[in-house]
Amino acid sequence: QVQLVESGGDLVQPGGSLRLSCAASGSIFSINAMGWYRQAPGKERELVARITSDSRINYADSVQGRFTISRDNAKNTVHLQMNSLKFEDTAVYYCNAVLRERIWSTSNNYWGQGTQVTVAS
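Values in this document were obtained by computation on a predicted structure and should not be read as measured data.

A. Main features of the overall build of the protein. From N to C terminus, the protein includes zero helices and eleven strands. Written out in order from the N terminus, the α and β elements of the protein read β-β-β-β-β-β-β-β-β-β-β. Taken against the 2.2 N^0.38 rule, which gives 14 Å for 121 residues, the C-alpha radius of gyration of the protein at 14 Å falls within 12% of a compact globule. For the protein, the spread of C-alpha atoms along the principal axes amounts to about 50 × 25 × 25 Å.

What follows is the structure, given as structure tokens:
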């Protein structure tokens, strides 16, 4: 059974920094992509950053230049370094992975439970 566990969410002041981490565990055959989505109250869930197995990276325009996504393949872990945080970055951040379990022949989407990031003065 595969699980995604996030960590690093916190309350920070505007302009501050935070690093989120997500570790995928279980019987994993391969990971196609890992990334971060966020959802603020009353808004739709949106892509923040995503990195594929061949190191292709996408960022939302709103975080371009401020956030950096990286991965550690040996640990099946993805990180999101968030700098110059703004009030509008406040949201629940969800880890997402597109991966294949060993017992299956196809890949599926998996989600973490989310970690709260609050930017406030």
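B. Fine view of the sheet that holds strand β3 (residues 18-25). Reading across the sheet, the four strands line up as β1-β3-β8-β7 and stay open at both edges, with antiparallel pairing between neighbours. Taken across any chain shown, the strands that pair with only one partner, and hence form the sheet edges, are β1 (3-7) and β7 (67-72). The mean inter-strand angle of the sheet, taken between neighbouring strand axes irrespective of direction, is 15 degrees.

C. A look at the state of the cysteines. Applying the stated criterion across every chain, the model contains one disulfide. Here C22 is linked by a disulfide to C95, with a sulfur-sulfur distance of 2.0 Å. Torsion about the S-S bond of the C22 and C95 cystine: about -85 degrees, corresponding to left-handed handedness. Here C95 lies in strand β9 (residues 91-101) and C22 lies in strand β3, a separation of 73 residues in the sequence. Residue C22 is classed as buried on the basis of its relative accessible area of 0%. Of the residues examined, C95 reaches a relative accessible area of 0% and is grouped as buried.

What counts as what
- Residues numbered from 1 in each chain as written.
- Predicted model: local features only at pLDDT ≥ 70, side-chain atom pairs only at ≥ 80, totals over all residues.
- Heavy atoms only, no water.
- Helix = DSSP H or I, 4+ residues; strand = E, 2+ residues; numbered from the N terminus.
- Rg over C-alpha atoms; globule rule 2.2 N^0.38 Å.
- Pairing = 2+ DSSP bridges.
- Axes fitted to C-alpha atoms, helices over the stretch in contact; angles between N-to-C directions.
- Disulfide = S-S within 2.5 Å.
- Buried < 20%, exposed > 50% of the residue type's maximum accessible area, 1.4 Å probe, protein only.

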